[in-house]
Amino acid sequence: MADTPQEQAKGTAGFLLEMGKRAKRSGWWIAGVKDPETIAEHSFRVGLIGSVLAMMEGADPAKTALLGLWHDTQETRVGDIPHIGRRYLEAAGNEKVTADQVSAPHPAVRAGAQRIVAEYENGDSLEVVCAHDADKLECLVQAVEYREQGCSNVQPWIDSSLSKLKTASARALAEAALSMTSIEWQQTYLR
């Protein structure tokens, strides 16, 4: 645990460097995706999708986005363990990983990070539901994009993600995403 302001600043900066865009979401390798998105890229879109779902569902978009941004920060330490791999491994829980990740940053960062992750992992508010739906919806959207790039093995990710969506808004957006191409959005603006 950092004691001086300089040590706390260094610990906080170290955490920010750890959250960089180097770590890939390796679960996609099973589907044959050669260069999957990073954890940071996934988390950015989860935060954005979460805020949109929250707006549609009447929840707090800022809180939902925050939950989404933090939901996979632990993967920089333990990796993106595919579901099949979880049958054979006993990874530390996300709350424990987060506690280790923020053991050196500023005390307010430590407390805030632990609170956010605990809420995402254990909460049942509409914001938490929207954040979880955002994670699944982002996976589905990413699978649609990978399918367009020629990866035909992504249907299980689409099916699994679709089956776990809880909000009507997430289900509606999933169905819409499945019925269009990833660049169809621009047709609205090119008319």
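**Q** So what exactly am I meant to see when it comes to the confidence of the model for the chain here?
**A** Note that predicted coordinates carrying low pLDDT should not be read in detail. For the chain, the mean per-residue pLDDT works out to 93, and 99% of the residues sit at or above 70. Within the chain, no element has a lower average pLDDT than helix H10 (residues 187-190), which sits at 79, and none a higher one than helix H3 (residues 61-70), at 98.

**Q** Before we go on, may I ask you to explain the pattern of salt bridges in this structure?
**A** Within the structure shown, the criterion is met by seven salt bridges. One salt bridge in this structure joins Glu138 and Arg45, with 3.0 Å as the shortest N-O distance. Residue Glu138 is found in helix H7 (residues 126-148), and its partner Arg45 is found in helix H2 (residues 39-57); the two are separated by 93 residues along the sequence. Residue Glu138 is classed as buried on the basis of its relative accessible area, which comes to 1%. When the shortest N-O distance is used, the salt bridge between Lys96 and Asp100 registers 3.6 Å. One end of the pair is Lys96 and the other is Asp100, both in helix H5 (residues 94-101) and four residues apart, which spans about a single turn. According to the relative accessible area criterion, Asp100 is partly exposed, its value standing at 41%.

**Q** Sorry, what's going on with the environment of Gln6 here?
**A** Along the polypeptide, Gln6 turns up in helix H1 (residues 5-18). The exposure class assigned to Gln6 is exposed, which follows from its relative accessible area of 66%. Sequence-wise, Gln6 and His106 are 100 residues apart; in three dimensions their C-alpha atoms are separated by 9.6 Å.

**Q** So what exactly am I meant to see when it comes to the side chain of Thr38 here?
**A** Take Thr38: it is sitting in the loop between H1 and H2. Each residue touching Thr38, except ones within four places of it in the same chain, is listed here: Lys21, Ala23, Lys24 and Arg25.

**Q** What should I look at first to understand the packing of aromatic side chains in this one?
**A** A ring pair, where both rings are aromatic, is described by two values, the distance of the centres and the angle of the planes. According to the stated counting rule, one finds three aromatic pairs in the structure shown. Where Trp28 meets Tyr146, the ring centres are 5.0 Å apart and the plane angle is 75°; that geometry is what we call edge-to-face. Of this pair, Trp28 sits in the loop between H1 and H2 while Tyr146 sits in helix H7, and the two are 118 residues apart along the sequence. Ring pairing ties together the aromatic residues Trp28, Tyr146 and Trp157, which thus form one cluster.

**Q** In this structure, what is going on with the nonpolar core? I would like to understand it.
**A** Generally speaking, a soluble globular protein has its nonpolar side chains buried in company with each other. Core analysis: the biggest nonpolar cluster contains 24 residues, and Trp28, Leu53, Leu137, Leu140, Tyr146, Val154 and Ile158 have the highest contact counts within it. Among the secondary structure elements, those contributing two or more residues to this core are H2, H7 and helix H9 (168-178). Here this core gets nine residues from one element, more than from any other, and that element is H7. With residues near it in sequence (within four places) discarded, Trp28 still touches Val33, Pro36, Glu37, Cys139, Gln142, Ala143, Tyr146, Val154 and Trp157. Of all hydrophobic cores here, the second largest spans ten residues; its members include Leu67, Ala113, Ile116 and Val128.

About the thresholds
Residues numbered from 1 in each chain as written. Predicted model: local features only at pLDDT ≥ 70, side-chain atom pairs only at ≥ 80, totals over all residues. Heavy atoms only, no water. pLDDT = per-residue confidence, 0-100. Helix = DSSP H or I, 4+ residues; strand = E, 2+ residues; numbered from the N terminus. Salt bridge = Lys/Arg side-chain N within 4 Å of Asp/Glu carboxyl O. Buried < 20%, exposed > 50% of the residue type's maximum accessible area, 1.4 Å probe, protein only. Contact = heavy atoms within 4.5 Å. Phe/Tyr/Trp six-rings, centres within 6.5 Å; stacked < 30°, edge-to-face > 60°. Core = buried A, V, L, I, M, F, W, Y, C linked by side-chain atoms within 4.5 Å.

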